[in-house]
Amino acid sequence: MEILKPFLLIIGSFVIFGLTGIMSTWLDRKITARLQWRVGPPWYQNFADLMKLAGKETVIPENANQVLFLLSPVIGVISIVITGAILLSGIFYNPLKWDLVIFIYLLMIPSIMIFLAGSSSGNVLGSVGAGREVRLLLGYELPFILALLVPVVKYGTLQISEIARHQMDFRMNIGFISGFIAFIVGIFAFQGKLGFVPFDVSEAETEIAGGTFVEYSGLPLGLFKLMKWMLLSVGISFFVIYFMGGFSNILTGILKYLVVLVLIVLIKNTNPRLRTDQILRFSWGWLTLFGFFALILAVMGY
Amino acid sequence: MALDLKTRALKKSLFVFHLSTGSCNNCDIEILDCLTPRFDIERFGMTLVGSIKHADVLLVTGICTIKNSYRIKKLYEQMPKPGFVVAIGACACTGGIFKDGYQMAGPIDKIIPVDVYIPGCPPKPEAMIAGIVKLLEKIK
């Protein structure tokens, strides 16, 4: 039984975060539609999208690097499944003492796979999108890490489940001033990681015809979409566990998850798309300043 | 239902790519109308995509000029099959008022195979939705 546990974790992560990701993205489309006074798609829409994409033919362009073109969606999905398994390992298995570090660098892999997708396409628009994606990555990694360092400084541990357990003894991390500011900074940085408006330059539909995914069709495109959907649910679950006390009580956990999801969708719907230089100026200006301010407050003990 | 899973999924989620091959843009405005809250075709699963490789349906407006005929042929070949073509407007169906122009390569079906014709100048959004329903019945 002990030998089987890692495999059960990975299968469980795929099932749980896959289903949660698909339904969260449907909620995102439905809330966006309601905010625009429309009706929006039915609940099975994302399942239908995936099945339809699995049934279309896959077209590989002549100039493309075939191995990287077909491998990048697969590696993207595998990496996000392992990231979800790290989150689950705090509950069901022996977590490592430093699994926050592994979590942060595994969360970078989807962005790198999107960059690889664009540059291995052999299309000019794809490489423009890939360059934009790398500049985005350069921008929001720093505020993201600063925001995640605040509870580490407070509690002196790098283990995600330990931080969640500390919150059960004291207040939630949002209750502290430094935790609250770190939560806001983290949500904005995560919006960039997801590729949502206002930070979605790399996949700007109307500007560069689909950006990095311009040459993808069929099952590879379906796998990329699945990777983005699972990134949404893994990220929101991580924010709930890290800043808001976790899923110890299932009902309030689901409520916290929905609050964070609605926050992300509201930010997505009320902002226009920013240019790349505006994104960099915002991330390295105000967001990093607030991140450092939260870190100083955490060191002082607030 | 006698359809297999793949076809049922295709009927429920069509990705639409819009192409104007020399139209007066009136039909394009009416296509945009279908996405607004009054008619809202997103509740049927149809969204507008930016790249032809993501699309299932190629919506063509306008009579095809000679310069555009190479491009529309290439775009049709780049669309991953199974894919469909919908000709919207009187110019795309039969040539309309530009039928005798010197630089026209003819209505759309002289260049690529068309599945659904939606006549009108411009067709109302209700007519376009009726045309899409006929396309959905044709998918088998």
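Look up: the structure comes first, before these words.
(A) Geometry of the pattern of salt bridges. Within the structure shown, the criterion is met by 14 salt bridges over all chains. Across the pair A:Asp49 and A:Arg29 runs a salt bridge whose closest N-O atoms are separated by 3.4 Å. Linking A:Asp49 in helix H2 (residues 45-55) with A:Arg29 in helix H1 (residues 5-35), this pair joins segments that are 20 residues apart in sequence. The exposure classification of A:Asp49 matches that of A:Arg29, with both residues buried. In this structure, B:Lys53 and A:Glu215 form a salt bridge, with 2.4 Å as the shortest nitrogen-oxygen distance. A residue pair is termed interchain when its members come from two chains, as with B:Lys53 in the loop between strand S2 (47-48) and strand S3 (57-61) and A:Glu215 in the loop between helix H9 (205-208) and helix H10 (219-243). Like A:Glu215, B:Lys53 is buried.

(B) How the structure looks around the layout of surface pockets. Residues and elements named next belong to chain A. Reported here for the second largest pocket is a volume of approximately 600 Å³. Lining the second largest pocket we find 24 residues, and of these Ile91, Ile241, Gly246, Phe247 and Ser248 sit closest to its centre. Looking at the lining of the second largest pocket, the elements with two or more residues in it are H1, helix H3 (66-92), helix H7 (160-169), H10 and helix H11 (250-269). Residue contributions to the lining of the second largest pocket peak at six residues, all from H3. For the lining of the second largest pocket, a count of residues per class yields 15 nonpolar, seven polar and two charged.

(C) Summary view of the nonpolar core. Counting 79 residues, the largest nonpolar core has A:Tyr242 and A:Phe243 as its most contacted members. Looking at this core, the element that brings in the most residues is H10(A), giving 16 residues. Setting aside its immediate chain neighbours within four residues, A:Tyr242 contacts A:Leu100, A:Leu148, A:Pro151, A:Val152, A:Ile160, A:Ile163, A:Gln167 and A:Asn173. Core analysis: the second largest hydrophobic core is formed by 20 residues, B:Leu59, B:Val86, B:Met128 and B:Leu135 among them.

Definitions and cut-offs
- Residues numbered from 1 in each chain as written.
- Chains lettered and ligands numbered in written order.
- Predicted model: local features only at pLDDT ≥ 70, side-chain atom pairs only at ≥ 80, totals over all residues.
- Heavy atoms only, no water.
- Salt bridge = Lys/Arg side-chain N within 4 Å of Asp/Glu carboxyl O.
- Helix = DSSP H or I, 4+ residues; strand = E, 2+ residues; numbered from the N terminus.
- Buried < 20%, exposed > 50% of the residue type's maximum accessible area, 1.4 Å probe, protein only.
- 1 Å grid on protein atoms, 1.4 Å probe; cavity = no way out; pocket = protein on both sides within 12 Å on 5 of 7 lines; lining within 4 Å.
- Points joined across faces, edges and corners; volume = space filled by probe spheres on them.
- Nonpolar A, V, L, I, M, F, W, Y, C, P; charged D, E, K, R; others polar.
- Core = buried A, V, L, I, M, F, W, Y, C linked by side-chain atoms within 4.5 Å.
- Contact = heavy atoms within 4.5 Å.

Functional significance is not addressed by these values, which are geometric in nature.
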